[in-house]
Each structure stands twice: as C-alpha cells, then as structure tokens.
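# Report on the structure
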Amino acid sequence: MNENGSANELNKKWNFPFLVFFHDARLIFKLDALSREILGIALPSALAVAADPIASLIDTAYIGHLGAVELAAAGVSIALFNQASKITIFPLVSITTSFVAEEDTIKRMNIKAAQNDHNTNLTEPAKPHDHVLHDIEKGTSNKENNNVNTPKESQNETNGTVVKSCAHEDEKKYDVKMNNEIVVKKKKNKRHIASASTALLFGSILGLIQASILIFAAKPLLSLMGVKHGSPMLKPAVKYLTYRSIGAPAVLLSLAMQGVFRGFKDTTTPLYVIVAGYSLNVLLAPLLIFKLKMGLKGAAISHVISQYMMAFTLFFILMKKVYLLPPRLKDLQIFRFLRNGGLLMTKVIAVTFCVTLAASLAARLGSIPMAAFQPCLQVWLASSLFADGLAIAVQAILAGSFAEKDYIKTTAAATRTLQFGFLLGVGLSLIVGVGLYFGAGIFSKNLQVIHFIRIGAPIVAATQPINTLAFVFDGVNYGASDFAYASYSLVTVSLVSVGVEFLLYRSKHFIGIWIALAIYMTLRMLAGVWRMGTGTGPWSYLRGR
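Residues numbered from 1 in each chain as written. Predicted model: local features only at pLDDT ≥ 70, side-chain atom pairs only at ≥ 80, totals over all residues. Heavy atoms only, no water.

### Observations concerning the nonpolar core
Ranked by internal contacts, the top residues of the largest apolar core, which has 93 residues, are Leu 222, Phe 373, Trp 380, Trp 514, Met 532 and Trp 539. Top contributing element to this core by residue count: helix α16 (residues 483-533), with 15 residues. Setting aside residues no more than four positions away along its own chain, Trp 380 makes contact with Val 355, Val 460, Thr 463, Gln 464, Asn 467, Trp 514, Leu 517 and Met 521. Grouped together as the second largest cluster of nonpolar side chains are 31 residues, Leu 200, Phe 202, Ile 274 and Phe 337 included. (Core = buried A, V, L, I, M, F, W, Y, C linked by side-chain atoms within 4.5 Å. Buried < 20%, exposed > 50% of the residue type's maximum accessible area, 1.4 Å probe, protein only. Helix = DSSP H or I, 4+ residues; strand = E, 2+ residues; numbered from the N terminus. Contact = heavy atoms within 4.5 Å.)

### Quick look at the packing of aromatic side chains
Going through the model one piece at a time under the given rule, you end up with 16 aromatic pairs. A centroid spacing of 4.5 Å and a plane angle of 20° characterise the contact between Tyr 407 and Tyr 541, whose relative ring orientation is stacked. Of this pair, Tyr 407 sits in helix α13 (residues 407-438) while Tyr 541 sits in the segment after α16, placing them 134 residues apart in sequence. Classification of Tyr 407 as partly exposed rests on a relative accessible area of 32%. Its relative accessible area of 6% is what places Tyr 541 among the buried residues. With centroids separated by 5.1 Å and ring planes inclined at 70°, the aromatic side chains of Phe 452 and Phe 510 adopt a geometry described as edge-to-face. Pair noted here: Phe 452 is in helix α14 (residues 447-462) and Phe 510 is in helix α16, with a separation of 58 residues, a long-range link. Judged by relative accessible area, Phe 510 falls into the buried class, the value being 3%. Taken together, the ring pairs connect Phe 18, Phe 21, Phe 22 and Phe 473 into an aromatic cluster. A cation over an aromatic ring shows up here: Arg 244 above the ring of Phe 81, its NZ or CZ 5.1 Å from the ring centre. One cation-aromatic arrangement involves Arg 524 over Phe 471; the distance from NZ or CZ to the ring centre is 5.3 Å. (Phe/Tyr/Trp six-rings, centres within 6.5 Å; stacked < 30°, edge-to-face > 60°. Lys NZ or Arg CZ within 6 Å of the ring centre and 35° of its normal.)

### So, helix α7 (residues 248-263)
Between the first and last C-alpha of α7 there are 23 Å, a value that for 16 residues agrees with the 22 Å anticipated at 1.5 Å per step. Here α7 lies mainly inside the structure; 16 of its 16 residues are buried. Residue Lys 265 follows α7 closely and has a positive phi angle near 65°. (Expected span 1.5 Å × (residues − 1).)

### Focus: the packing of helix α4 (residues 194-216) against α7
Axis separation between α4 and α7 bottoms out at 7 Å; the angle between their running directions is 160°. The angle between α4 and α7 falls in the class roughly antiparallel. Relative to α7, the crossing made by α4 is right-handed. Of the residues in α7, those touching α4 at Ala 196, Ala 199, Leu 200, Gly 203, Ser 204, Leu 206, Gly 207, Leu 208, Gln 210 and Ala 211 are Ala 248, Pro 249, Leu 252, Leu 253, Ala 256, Met 257 and Val 260. Of the residues contributing to the contact of α4 with α7, the split by class is 13 nonpolar, four polar and no charged. (Axes fitted to C-alpha atoms, helices over the stretch in contact; angles between N-to-C directions. Parallel < 35°, antiparallel > 145°, perpendicular 65-115°, else oblique. Left-handed = near helix turned anticlockwise from the far one by under 90°. Nonpolar A, V, L, I, M, F, W, Y, C, P; charged D, E, K, R; others polar.)

### Some remarks on the pattern of salt bridges
Close approach of charged atoms allows side chains with opposite charge to pair. With the rule as written, the count across this model stands at six salt bridges. Residue Asp 32 is joined to Arg 416 by a salt bridge in which the shortest nitrogen-to-oxygen separation is 3.0 Å. Note that Asp 32 is positioned in the loop between α1 (7-13) and α2 (33-64) and Arg 416 in helix α13, a separation of 384 residues in sequence. Neither Asp 32 nor Arg 416 differs from the other in exposure class; each is buried. (Salt bridge = Lys/Arg side-chain N within 4 Å of Asp/Glu carboxyl O.)

### A closer look at the environment of Thr 534
Along the chain, Thr 534 falls in the segment after α16. The exposure class of Thr 534 is partly exposed, given its relative accessible area of 22%. Between the alpha carbons of Thr 534 and Leu 19 there is a distance of 9.7 Å; along the sequence they are 515 residues apart. Among residues more than four places away in sequence, those in contact with Thr 534 are Pro 17, Val 529 and Arg 543. From its side chain, Thr 534 meets the backbone oxygen of Arg 531 in a polar contact 3.4 Å long. (Polar contact = N/O pair within 3.5 Å; in protein donor to acceptor, adjacent residues only side chain to side chain.)

In structure tokens, the structure reads:
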C-alpha cells in the first residue's frame, strides 16, 4: 500500500464522488513527493504560458502612449489574432502533450518489462505482457512475432541472446548477454516519438494557413469585429494585424514544440527560450515604436522577430532529443490527431468566441470603452493563465498515470492540483484587484479610459479563483483523454454565454460585458466539477466501477 491507500479503499471512500475534491486537503501546504512533481512542472510552464500575454500587456502599455485610437485598434487586432491562434494552438498543444506523455510512458513500460524478462530468465524467449502491448495509433494489441511490443530499435531477438537497443530509458543502452552480465553503456539516444513528428507537421501547415487568412482577409475579419469602413480604428488595425500575422507560422510551430517538451515533463527548457524571446521583444518594441518612429508597425515587427527567434531555438534543441522524421511515414498519427484535434477545435472555437464577442461588443461602444476593455482583458488573461501551468502539470501526470492504470495517483494528482488552483486564484484576486485599480494610469493618460478600467477591475479580480479552476479542469480533462466531454460541455456553456453577453451588453453596456464574462467562466468551471464530481467517464472508477 502506498501513502494514498489501496485501490479498494479508494473505491469505498468515494461513494459520493463529489467529496473527492477535498481529498487530502490537509496536505495542501505539505511539500510531499506529489506536490514537488506538480510544482516542478507547473512553475516553469506557468511562467512560459504567461509570457505571451505579459509581453502583449507591455506592448499595450507602449501602444497606449501613441493614443486612444491606436490602443483600441491594437486591442481589436490582438483579440482577432488570439482567436485565430487559439483555434489551432490549443488543440494542437493539448493533444501533443497528452499523446507524447502517453507514448513515452508506454515505451518506458515496454523497456522495463523487457529488462525484467531478461533479468528473470535470459535463456527463455520473451513473453508478451498484455498490460504493455499497446498500439499508439490504432489502440489494438500488436501480436507480431509474439514479442513484447518495444520500439523497433529495442525488439528482443527470439534466441534471447541480445537486446539490441533498449531505446532511451535514462539515456542508456543495455547489452544483455548469455552469461547473465548486463553491460551498461551510457549513450545519449534520441527518441522515436511519432506524435512529436506529427505535431511539428501540423504546426507548420496550420501556421501557414493562419497567416494567409489573416493577411489577405484582414479588412473583412476586422469588420466582423465591429471595426467598420470609415472607423478611425480600421487603418491602424489592418496595419498591425497584417504585420503581426507574419509571425503566425513561428507561433504555431514553437507551441507545438512546447507541447512535445511538456509531454516529456520538461517545462524548464521552453521557459528559458521563451523568456529570452520575449525579453528581445520588450527591448525591441520601444526602439522600433518610438526611436525609429514606426508606431504600431514597429510593435508588431518586434513581436514577430521574437517569435521566430524562439521557434528556431526550440527546433535546434529538439533536434538533439527527438528524431524529427519518423522511421516510416505510416507511423505518423495523422488521423488520431485529426480526430481528437477536431473535437478540441470545436471546443476552442466555441469557448474563445465568447471572449472575442466580448471584445467586439466593447469595440461597438466606441474607442474609449474599447481602450479600457483591452488592458482589463489582458490582465484577466495574463493572471488567469498562470493557472495554465497547473493545467499542464496535471495533464502530463494524468496522461502517464492513466496509461499505467495507476488510479490512486490519478485521483491524488487531480485533486491536489485543483486545490493548488483555488489557492492561486485567491492570491491573484488580491493582487489583480489592487494592482489594476490603482495602476490603471499605466495603460492610458486619458481620464475616461482610466475610469472605465476601474469599473471593470472588481470583476476582473473577483473571477480569478473561478478562472484558475476552469483552466485546471481543462488540464484534468485532457490528461484523462476526455476530449469528447471537454468539447461537448464547453460548446453548451458557450451557447448559453453568448446569449447572456448580448442580453447584458444591451442592458448594462460596458459593465454588462464583464458580468457576462464572469458568468461564462463560472459555467465553464462547473462543467469540470460535474464530470469528476459525479464519477462519470474516465472517473467512473471513483464509484467502484
């Protein structure tokens, strides 16, 4: 029995699965092994995830000094760019993290099983292990040659004399010999991870498609956002969106590579690269905007340069860890990515449409309310996205634990991360409330803009605990490969929220938009509570099933 108890005790304990959210709550402030694993992944990934909105927030502060019209134009363009990016980025990164973590875990299980077989009896043929025979692409057992389904480079020879290559565990190669000696040769081996190769392929293609659509359809898309012909925001918005869109291929490719690193539970490497990239952006932006007098164009160009720097750096680092081309083209998991990615894309379109609609409604109120809405939205997203670090951590841990059928760890990891998320939200609520109210002057010198920012500040602050839990529940669903529920539930939430937004926009205007966003995030959080709290789907084992 481990520290969390036996599986039987687990099933007996959760006759009312909703109580699982309070599981081991007394350990929340204890830095045990599970907390260290969660925080070790979450802290670097949280900083990495928050880097982009923080950089956009700094850009917003720079642009705000160009004037209210420029700030409003950039706000609409950023909202549109983010909407387009999220439609492709979130599905790609989420499924990449889960698939890479699952595939890497299964490969390690296969390797360990093969080693145990040879340690037990080197003269007998290897026996298949049902719990590790798993075809990543088809989800069926591979009975070919009746051997353990290890990677091709680590298949056992039937005479039991040599295991040619036991892949990458601890970056070592094992030579198993007839005389019962195991000679360990340290050698850094690249990993054959088919899902990593597939993610890079999709990232490149989707990035080019997104850039083309945003550049050539800038005016119609901005018109849908409420920036009509004749609006003073139209010309600067088109300029900013066009230049910013040049960086779309780099954005999607770098995010796909971050998903691969997350699947390996390595969130530190991407953090270093991202911090370096956005530091370059922060240094270049004022130089191009003010010194070279490029205005909005300079803000967009500095962002694009930093994105390509990050993409190339991550690419060269990943080349040393993973074979970017699979052994065979049929190993690419194209249909698996399309199937699950399609579900998440539907979810992301519906969910992010609520935020984009809110920005569009704010734009219809005029340049002053839109200029205030943009920094409030950036703060709302930047602070909330710190919770995405926890979501990434629980996703990577759950994907591996579900592959191992370690249900005790899946329960402990999910509940502990949700508890961390709630504490994070409370802390962010205090920081955001005070900071945004008294720091509104950072974003604009216009007194009307400052007034509107202070109107939105209380709701932006109060929703932080709700937001963090909603983000963490996304990671819980993805880690459990519960992509269908994540899609269908959030589509339902979004349909309800869109109606609420229109209703409150007409009756309460600016403050009504923020109340609607608060309702939207509450419903999104409750969708996650319902799935796990009722013990349905992948959580049915909580009811002893």
